[in-house]
Amino acid sequence: MTAPDTNEVAGFLQDLQDEICAALAAEEPEAEFRADVFEGERGGLARPRVLEGGDVIERCAVNYSHTLGKSLPAAATARRPELGGRGYEAVSVSLIVHPRNPYAPTSHANFRLFRASKDGADPIWWFGGGFDLTPYYGFEEDARHWHATARDACAPFGADVYARFKAWCDEYFFLKHRGEARGVGGLFFDDLDGPDAHALWRSIAEHYLPAYLPILRRRKDTPYGDDERAHQLVRRGRYVEFNLVYDRGTLFGLQSGGRIESILASMPPEASWRYDRRPEPGSPEARLVEEFLKPRDWLEAAE
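It should be emphasised that the depicted structure is a prediction, and the values quoted were computed from it without experimental measurement.

Rules behind the numbers
Residues numbered from 1 in each chain as written. Predicted model: local features only at pLDDT ≥ 70, side-chain atom pairs only at ≥ 80, totals over all residues. Heavy atoms only, no water. Phe/Tyr/Trp six-rings, centres within 6.5 Å; stacked < 30°, edge-to-face > 60°. Helix = DSSP H or I, 4+ residues; strand = E, 2+ residues; numbered from the N terminus. Buried < 20%, exposed > 50% of the residue type's maximum accessible area, 1.4 Å probe, protein only. Lys NZ or Arg CZ within 6 Å of the ring centre and 35° of its normal. Expected span 1.5 Å × (residues − 1). Arc of directions from axis to C-beta. Contact = heavy atoms within 4.5 Å. 1 Å grid on protein atoms, 1.4 Å probe; cavity = no way out; pocket = protein on both sides within 12 Å on 5 of 7 lines; lining within 4 Å. Points joined across faces, edges and corners; volume = space filled by probe spheres on them. Nonpolar A, V, L, I, M, F, W, Y, C, P; charged D, E, K, R; others polar. Salt bridge = Lys/Arg side-chain N within 4 Å of Asp/Glu carboxyl O.

Caption draft 1: Spotlight on the packing of aromatic side chains. For the structure on display, the rule yields 20 aromatic pairs. For the ring pair F127 and W201, a centre distance of 4.7 Å and an interplane angle of 35 degrees mean the geometry is tilted. Remark: W201 occurs in helix α5 (residues 197-206) and F127 occurs in strand β8 (residues 124-134); sequence separation between them is 74 residues. For the pair shown, F127 and W201 are each scored as buried. Measuring from ring centre to ring centre gives 5.3 Å for F173 and F242, while their planes differ by 35 degrees; the resulting arrangement is tilted. Here F173, found in the loop between α4 (161-172) and β9 (174-175), pairs with F242, found in helix α7 (residues 226-245); they are 69 residues apart in sequence, far enough to count as distant. As far as the burial class goes, F173 and F242 line up, both buried. Taken together, the ring pairs connect W168, Y172, F173, F188, F242 and Y246 into an aromatic cluster. Residue placement shows R182 over the ring face of Y239; its charged tip is 3.9 Å from the ring centre. Between R219 and the ring centre of F139, over which it is positioned, the NZ or CZ distance is 3.7 Å.

Structural data, given as structure tokens:
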């Protein structure tokens, strides 16, 4: 099977970065994206774009990277030992949006192509990525829209694709040490190859903005107070825990010697940890974890 053209994929991802940044900037009246460009020592390119301190978006990072290396770090070879001894090339866009308003959910997405090769052997390649949503207050309308858009992205490629990638997302974005989900999921996939892989991956990438923008617009101006803000910051602490303990992309970046500022740009600008914090029973804050974040069929709930 012919490996995807890395230059073609890189061009698509750079255009995607431009499109997402323009769409998010249009929602933010005060802050602007800072755009940097860094060339790697081994070749490749990094184009981090970060927006901070906005009225609507407290922090957003939409980072494009093209990375080359002589060997893969443990974050990759532990899961796929056959990659040992191969050089690699990776192109990706990774993004995170942390809105200021506690009623507006955080969203995350990643779209990447990996290619591992060595002399005398065919390259091993795969696509990976997806998108997921982390609300701090539960709105079924938002979760149904998010998952309906995810389903639409997958629908042309088989009736079972959305269900498989949703289940994978629910399993992956789970804080084992706390026994709770990070959010309401979405789509997650890795090791995707085959004849439809490129088209499916591209469809999912193109559905991120239609999935998230309506939710951000619906919630960004909701009135809130100090209690809602305190709850948001504690839940953001869970986000930090996941990224530093479990997230493969963060671990890969740290182990492969990537630019630290770009890798950790996904972190929220403010977060907090409260000892033995327990929300008031029956409150919206308590129901978030006890009821809303439990994996469910959001599309069935909409029917």
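After that view, the rundown keeps rolling.
Caption draft 2: Representation of α4. Its 12 residues place the ends of α4 16 Å apart at the C-alpha level, agreeing with the 16 Å of an ideal helix rising 1.5 Å per residue. Restricting attention to buried positions, one finds in α4 the residues V161, Y162, F165, K166, C169, D170 and Y172. Buried positions in α4, seen along its axis, are confined to an arc of 170 degrees and lie on one side of it.

Caption draft 3: View of the environment of L113. Relative to the helices and strands, L113 is located in strand β7 (residues 106-117). Its relative accessible area of 2% is what places L113 among the buried residues. Between the C-alpha atoms of L113 and Y275, which are 162 residues apart in sequence, the distance is 41 Å. Once residues lying within four places of it in the same chain are set aside, the contact partners of L113 are P4, T6, V9, E89, A90, V91, W125, W126 and F127.

Caption draft 4: Highlighting empty space enclosed by the protein. According to the stated counting rule, one finds two cavities of 30 Å³ or more in the structure shown. Computed from the structure, the largest cavity encloses a volume of approximately 90 Å³. As for the largest cavity, its lining consists of 15 residues, of which D170, G183, V184, G185 and L293 are closest to the centre. For the lining of the largest cavity, the leading source of residues is α4, giving three residues. Classifying every residue of the lining of the largest cavity by side-chain character gives eight nonpolar, two polar and five charged.

Caption draft 5: A look at the pattern of salt bridges. Enumeration over the complete set of coordinates arrives at 27 salt bridges. Of the charged contacts in the structure, one is a salt bridge between R238 and E180, with a shortest N-O distance of 2.9 Å. Placement of R238 in helix α7 and of E180 in strand β10 (residues 180-181) is noted, with a sequence separation of 58 residues between them. The exposure class assigned to R238 is buried, which follows from its relative accessible area of 16%. Here R202 ties to E206 by a salt bridge, and the two come within 3.1 Å at their closest N and O atoms. Linking R202 with E206, this pair stays in helix α5, spanning four residues, or about one helical turn. Its relative accessible area of 42% is what places E206 among the partly exposed residues. Shared partners join several salt bridges into a network, and the residues in it are E58, R100, R229, R236 and E270.

Caption draft 6: Inspection of the layout of surface pockets at higher detail. Put simply, the second largest pocket is a space of about 400 Å³. What lines the second largest pocket is a set of 17 residues, among which E180, R238, R277, R278 and P279 lie closest to the centre. Of all the elements in the fold, those that place two or more residues in the lining of the second largest pocket are α7 and α10 (284-292). Each residue belonging to the lining of the second largest pocket can be placed in one class, and the counts come to five nonpolar, two polar and 10 charged.

Interpretation note: all reported values are geometric properties and have no functional meaning in isolation.
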